[in-house]
Amino acid sequence: MCGIVGIVGHSPVAPLIVDALKRLEYRGYDSAGVATIADGVLGRRRAEGKLVNLERRLDREPLDGLIGIGHTRWATHGVPNETNAHPHFSDNVAIVHNGIIENFSELRDELKADGYAFASQTDTEVVAHLIAREMKHGAKPEEAAFAALKRLQGAFALAIMFSGDEDLIVGARSGPPLAVGHGEGEMFVGSDAIALAPFTDAITYLEDGDWVVVRRSGAEIFDMTGARVERKRQQSIGTSLLVDKGNHRHFMEKEIHEQPEVISHTLAHYLDFAQGGIRELEMPFDFAAIDRLSVSACGTAYLAGLIGKYWFERYARLPVDIDIASEFRYREMPLSPMSAALFVSQSGETADTLASLRYCKSAGVPIGSIVNVRDSTIARESDGIFPTLAGPEIGVASTKAFTCQLSIFAALAVRAAIERKTVSAEESARLVRALSEAPRFASLALKVEERIEEIARELAQVHHVLYLGRDTNYPLAMEGALKLKEISYIHAEGYAAGELKHGPIALIDKQMPVIVIAPHDRIFDKTVSNMQEVAARGGRIILITDSEGAARASLDGIQTIIMPTVPEFIAPIIYAIPVQMLAYHTAVVMGTDVDQPRNLAKSVTVE
Ligand code: F6R
């Protein structure tokens, strides 16, 4: 989950590497570092915390050199301090690493017994020492790197350089992605094409188990047997998109406000707004021919899948097994030959989701994926993709990708219902019409922001919050709780409203706000009964509903956020917006780092 970059260039590379790292900061921001070689000597600057600290350091103490590697870290082994920051050195070897070396403690013991001293607590340093030891025994840099790679277990992407050769970076991939960028008389490696976008859009992705020798004249790729392999060079897509905050305080705020537009872009890919129908798409599987759908994802993407399950089962009568990917990959689920699998990932790089995909692939199940990054690993390994057209999502807390994922689930559920003949023509037309209105309702939902800011000022004072919802609003309650805890650090839980009396009701007291997500729908009255249970115990209720719901739930002391009246089908897409804004404004009041909350990273490429 760290970001790595390397440049064999023809002008001083340190500023270029920092520029690329800025585009990789979403992968981790505990510390950062750059190393270069100038006149045969390795130089390095590292700094704890955000990249801006490294930039300041480089302003004070610049680094020369036409070759260099850089890193932005999300700590796995060792606390986030300068000593553990990458690059790590051993003799004339410098290395940056993303991922985990699983057998590092055994390798460290072996190297210690051989006289190697460790400066850091990282697993990365063993790789530097392994390579240096091979070179001490006479191996050439590439041979030494290859020999060391064969000793490593785990998931990693590496970039390595050698002070004796200012025209060489060795890269390797086993799990997390690594892209090679082709320039004119200069070459690049990086965790993704976005990092390399300012330099080149000609990209070669390494496959799992590949390693690469990069020189100014080009790249040679090898597999783990040492055989030369060819990987295609492609034009990377979507990398020229500008990544800035506009006039918003945070990327998260900007991304919340972009939702009407990006939901509309995404839906336009799946719906024919003019004809009121579903567009023909190239499909990785046939909804009419399958008997089950396995959906798997992590975090917010998983919660989008959980809402999708309600839709697929309700409208298309298609049973859906939905799993958190880290559970799915190990639970050895039997897969029916008549089934299909669907994976959901904003980044398209989440390690657990990717492992689940590979499990399904090895069972011969056709694979579709809902992804935001079209040239990501998950996208490339799927039989077909359903792109969310959300644009780059920079805020660590997912917002616009979530509502775009929901929009696709809704469109696919309607498509499945039509193909499985489980809805009438009128019913499918009604659902498509409702979905086409989602962008307009999303704009209206943004108008409740002032009311949300008032409530957020109160929420910022509490330590625990409960979210409740029924039906598709139950996963949304979990999403609200996830969003609040990740950016405001307030403890929050999301529950099915009907489950309250089976345990969580014991938590209710005058201090505990209970946020109820309940548009006026078929089961609204059931939720009102649950609110009464809370009110009877002195709980503070914040109800997100529409005007009809507010009129019917006039309990003492209740606070309401009144939303536009929306069709029940699309309610979770629209109600996601106040839920996100509530977390956002609470975090702003509390003064936390909204876009880069502590301990998190945007792309989770480790287990
Ligand atoms: C929460 C959040 C995470 C991600 C999760 C999966 O706001 O963003 O829970 O949803 O890490 O990431 P992707 O979608 O990239 O697979």
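Residues numbered from 1 in each chain as written. Predicted model: local features only at pLDDT ≥ 70, side-chain atom pairs only at ≥ 80, totals over all residues. Heavy atoms only, no water.

Heads up, the condition is: UniProt positions are given in the numbering used here, feature names are shortened, and annotations may be inferred rather than shown by experiment.
Taking an unreviewed UniProt entry as the reference, the protein chain is identified by name as Glutamine--fructose-6-phosphate aminotransferase [isomerizing] belonging to Nitratireductor thuwali. Here is the UniProt Catalytic activity (unreviewed entry) comment for the protein chain, exactly as written: "D-fructose 6-phosphate + L-glutamine = D-glucosamine 6-phosphate + L-glutamate". Recorded in UniProt for the protein chain, the comment headed Subcellular location (unreviewed entry) runs: "Cytoplasm".

### Looking at the overall build of the protein chain
Under the convention used in this document: We count a stretch as a helix when DSSP gives it H or I for four or more residues in a row; a strand needs E for two or more, and each element gets its number in order from the N terminus. The globule rule used for comparison is 2.2 Å times the number of residues to the exponent 0.38, while the radius of gyration itself is calculated over C-alpha atoms. Under the scheme applied here, a residue whose accessible area is under 20% of the maximum for its type counts as buried, over 50% as exposed, and between as partly exposed, the area being computed with a 1.4 Å probe on protein chains only. Each accessible area is a Shrake-Rupley estimate made with a 1.4 Å probe; only the visible protein chains count as cover when residues are assessed. We treat Lys and Arg as the positive residues and Asp and Glu as the negative residues; His and chain ends play no part in the count. The atoms used to mark charge sites are NZ of Lys, CZ of Arg, CG of Asp and CD of Glu.
Scanning the protein chain for helices and strands turns up 20 helices and 27 strands. Expected size for 607 residues packed as a compact globule is a radius of gyration near 25 Å; at 26 Å, the protein chain falls within 12% of this value. Projected onto the principal axes, the alpha-carbon positions of the protein chain cover approximately 80 × 55 × 45 Å. A buried classification covers 61% of the 607 residues belonging to the protein chain. Accessible area for the protein chain stands at about 22,600 Å²; split by element, carbon and sulfur atoms hold 49% of it. The average position of the 61 basic charges and that of the 80 acidic charges among the side chains of the protein chain differ by 2 Å.

### Regarding the packing of helix α4 (residues 124–136) against helix α5 (residues 141–149)
To keep it simple, the criterion reads: Angles run from 0 to 180 degrees between N-to-C directions of axes, and those axes are lines fitted to C-alpha atoms, restricted for helices to the stretch in contact. Comment on the angle field: the value is read as roughly parallel under 35 degrees, roughly antiparallel over 145, roughly perpendicular from 65 to 115, and oblique elsewhere. Crossing handedness is defined as follows: a turn of the near helix away from the far one that is anticlockwise and smaller than a right angle gives a left-handed crossing, while the clockwise case is right-handed. Whether two residues touch is decided by their heavy atoms; if any such pair falls within 4.5 Å, the residues are in contact. Note that Gly is not counted as nonpolar here; it falls among the polar residues with everything else outside the nonpolar set of Ala, Val, Leu, Ile, Met, Phe, Trp, Tyr, Cys and Pro and the charged set of Asp, Glu, Lys and Arg.
Running from amino to carboxyl end, α4 crosses α5 at an angle of 130°, the nearest separation of the two axes being 8 Å. Between α4 and α5, the crossing angle belongs to the class labelled oblique. Our pair here, α4 against α5, has a crossing hand that is right-handed. On α5, the residues that touch Leu130, Ile131, Glu134 and Met135 of α4 are Pro141, Ala144, Ala145, Ala147 and Ala148. A per-class count over the contact of α4 with α5 returns eight nonpolar, no polar and one charged.

### A word on the pairing of strand β10 (residues 187–190)
As a reminder of what qualifies: Pairing between two strands requires that DSSP report at least two bridges joining them.
Every second residue of β10 is oriented toward a common face, with Met187 and Val189 on one face and Phe188 and Gly190 on the other, all of them buried. When strand β1 (residues 3–8) meets β10, the two strands line up antiparallel, connected through four bridges. The residue bridging Val5 from the neighbouring strand is Gly190, located in β10. The pairing of strand β9 (residues 179–182) with β10 spans four bridges and is classified as antiparallel. Its bridge partner lying in β10, Gly181 is registered against Phe188. Hairpin remark: β9 followed by β10, antiparallel, with four residues in the connecting loop; positive phi at Gly185, about 70°.

### A few points about the UniProt feature "active site" (unreviewed entry) in the protein chain
Applicable threshold: Every definition here rests on a 1 Å grid over the protein atoms only: cavities are sets of points where a 1.4 Å probe fits but cannot get out, pockets are open sets enclosed by protein on both sides within 12 Å along at least five of seven lines, and lining residues have some atom within 4 Å of a point.
According to UniProt, the feature "active site" (unreviewed entry) maps to Cys2 and Lys602 in the numbering used here. Over a stretch of 601 residues, the named residues converge on one spot in the fold, their C-alpha atoms separated by at most 9.8 Å. Restricting the annotated residues to those that line the second largest pocket leaves Lys602. Looking at where Cys2 falls in the secondary structure, it is placed in the segment before β1. The exposure class assigned to Cys2 is buried, which follows from its relative accessible area of 5%. Those residues in contact with Cys2 that lie beyond four places of it in its chain are Arg27, His71, Thr72, Arg73, Trp74, His97, Asn98 and Ser191. Relative to the elements of secondary structure, Lys602 occurs in the segment after α20 (571–590).

### Examining the sheet that holds strand β26 (residues 540–546)
Taken together, five strands build an open sheet; the order of strands is β24-β23-β25-β26-β27 and the sheet is parallel. At either margin of the open sheet sits one strand with a lone partner, and together these are β24 (491–496) and β27 (559–563). When the angles between neighbouring strand axes are averaged without regard to direction, this sheet yields 20°. In this structure, strand β23 (residues 464–469) lies alongside strand β25 (residues 513–517), joined through four bridges in parallel fashion. Bridge assignment links Tyr467 to a residue of β25, and that residue is Ile515. Packing against the sheet, helix α18 (residues 524–536) makes contact with β25 and β26, and its axis sits at approximately 165° to β26. Strands in contact with α20 are β25, β26 and β27; relative to β26, the strand with the most contacts, it is inclined by about 145°.

### With respect to the side chain of Glu255
Worth spelling out the cut-off: Between Lys or Arg on one side and Asp or Glu on the other, a salt bridge is scored when a side-chain nitrogen of the former is within 4 Å of a carboxyl oxygen of the latter. Here a polar contact is recorded for every N or O atom pair within 3.5 Å, except that within protein the pair must consist of a potential hydrogen donor and a potential acceptor, and residues adjacent in sequence are included only if both atoms are side-chain atoms.
Here Glu255 shows up in helix α7 (residues 251–257). Among buried charged residues, Glu255 stands out as having no salt bridge; its nearest opposite-charge side chain is Lys400, 4.9 Å away. A distance of 2.7 Å separates the side chain of Glu255 from the backbone nitrogen of Ile394, its partner in a polar contact. Leaving out residues up to four positions away in the same chain, Glu255 has contacts with Pro392, Glu393, Ile394, Gly395, Thr399 and Lys400.

### Examining the nonpolar core
Convention followed: Only buried residues count toward a nonpolar core, which is a set of Ala, Val, Leu, Ile, Met, Phe, Trp, Tyr and Cys residues joined through side-chain atoms within 4.5 Å.
Leu293, Trp311, Phe312, Phe569 and Ile574 are the most contacted members of the largest nonpolar core, which totals 89 residues. With twelve residues, α20 is the largest single contributor of residues to this core. Dropping the residues within four chain positions of it, Trp311 is found in contact with Ala316, Leu406, Phe409, Ala410, Ala413, Thr472, Phe569, Pro572 and Ile573. If you look at the next biggest cluster of nonpolar residues, it comprises 32 residues, including Met135, Ala145, Leu168 and Trp211.

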